[in-house]
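Summary of the model geometry
The residues making up each chain are set out below.
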Amino acid sequence: MVEVAKPKLRVYKPPNTRTGDVGGKLSVFLAGSIEMGKAEDWQTKLQKRLLDKSVVLFNPRRDDWDSSWKQTIEDTNFLGQVTWEYNHLCKADLVFMYFDPATQSPISLMELGMFAESKDMIVVCPDGFWRKGNVEFVCKQFDIPLFNSFDEGVEELLNKYVN
């Protein structure tokens, strides 16, 4: 009998929703800087590092983002995106958060505050991020591992959480 290898890394992006059990795999929400056109695509960079790992990633960076969507819950496209992000933040076992110094990332700052007490988190906040002191404070208050470089944060993820 030939055994077929199961795919290891799974990635879900909006509007695709993961419902139910993730098959015992660690689920990680990729929170942090996006700000289309300003933030580097660090999510894809992280995905490449995890290709052979048994992990489920919830990546909010849409392939079909439309900047004409109004930032109001009356815009069904916007509401769908925000709902997807919130639901998957709640579902995830771990939140990996990256603050790109080229951005302001107000929503990421809000998410850090919302989930600091209730979720396992790894936070990466390089020098130069405009509110690094606030990020440092929250991480210290809630004993969240904080790293200055993306690679250090990824190493923490690999060494502490991923098989």
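Each value, and the rule that gives it
Residues numbered from 1 in each chain as written. Predicted model: local features only at pLDDT ≥ 70, side-chain atom pairs only at ≥ 80, totals over all residues. Heavy atoms only, no water. Buried < 20%, exposed > 50% of the residue type's maximum accessible area, 1.4 Å probe, protein only. Helix = DSSP H or I, 4+ residues; strand = E, 2+ residues; numbered from the N terminus. Pairing = 2+ DSSP bridges. Right-handed = clockwise from strand over helix to strand, strands pointing away. Core = buried A, V, L, I, M, F, W, Y, C linked by side-chain atoms within 4.5 Å. Contact = heavy atoms within 4.5 Å. Phe/Tyr/Trp six-rings, centres within 6.5 Å; stacked < 30°, edge-to-face > 60°. Patch = residues over 30% accessible without salt bridge, like charges linked within 9 Å, V, L, I, M, F, W, Y side chains within 5 Å. Areas by Shrake-Rupley, 256 points an atom, 1.4 Å probe, with all protein chains shown as cover. Salt bridge = Lys/Arg side-chain N within 4 Å of Asp/Glu carboxyl O.

**Topic: the pairing of strand β5 (residues 120-124)**
In terms of burial, β5 is a largely internal element, 4 of the 5 residues being buried. Bridge count between strand β4 (residues 94-98) and β5: 5 bridges; the pairing is parallel. When the sheet's bridge partners are listed, Met97 is paired in β5 with Val123. Handedness of the crossover is the feature at issue here: the chain leaves β4, passes through helix α3 (residues 106-115), returns alongside β5, and the resulting connection is right-handed. Pairing of β5 with strand β6 (residues 146-147), which is carried by 2 bridges, proceeds in the parallel orientation. Residue pairing for β6: Val123 is matched across the bridge by Leu146.

**A few points about the nonpolar core**
If you look at the biggest cluster of nonpolar residues, it comprises 23 residues, and the most contacted ones within it are Phe29, Met97, Phe99, Leu112, Val123 and Val135. Elements with a minimum of two residues in this core: β2 (26-32), β3 (55-58), α2 (76-91), β4, α3, β5 and α4 (132-141). Among the elements that line this core, the one with the most residues is α4, at 3 residues. Apart from the residues lying within four places of it in its own chain, the contact partners of Val123 are Met97, Phe99, Leu112, Val135, Cys139, Ile144, Pro145, Leu146 and Phe147. Core analysis: the second largest hydrophobic core is formed by 21 residues, Trp42, Leu57, Tyr98 and Val154 among them.

**Remarks on the packing of aromatic side chains**
Tallied over the full model, the rule gives 10 aromatic pairs. With centroids separated by 5.6 Å and ring planes inclined at 55°, the aromatic side chains of Trp42 and Tyr98 adopt a geometry described as tilted. Of this pair, Trp42 sits in helix α1 (residues 42-49) while Tyr98 sits in strand β4, and the two are 56 residues apart along the sequence. No difference in accessibility class separates Trp42 from Tyr98, as the two residues are buried. Ring centres 4.9 Å apart and planes at 50° place the aromatic pair Phe99 and Phe129 in the tilted group. Linking Phe99 in the loop between β4 and α3 with Phe129 in the loop between β5 and α4, this pair joins segments that are 30 residues apart in sequence. Pair check on accessibility: Phe99 and Phe129 agree, each one buried. An aromatic cluster of three or more residues is present, and its members are Trp42, Phe96, Tyr98 and Phe150.

**Side note on a nonpolar patch on the surface**
Judged by side-chain polarity, Tyr86, Ile107, Met110 and Met114 come together as a nonpolar surface patch covering roughly 400 Å² of accessible area. The element that contributes the greatest number of residues to the nonpolar patch is α3, accounting for 3 residues. Within the secondary structure, Met114 sits in helix α3.

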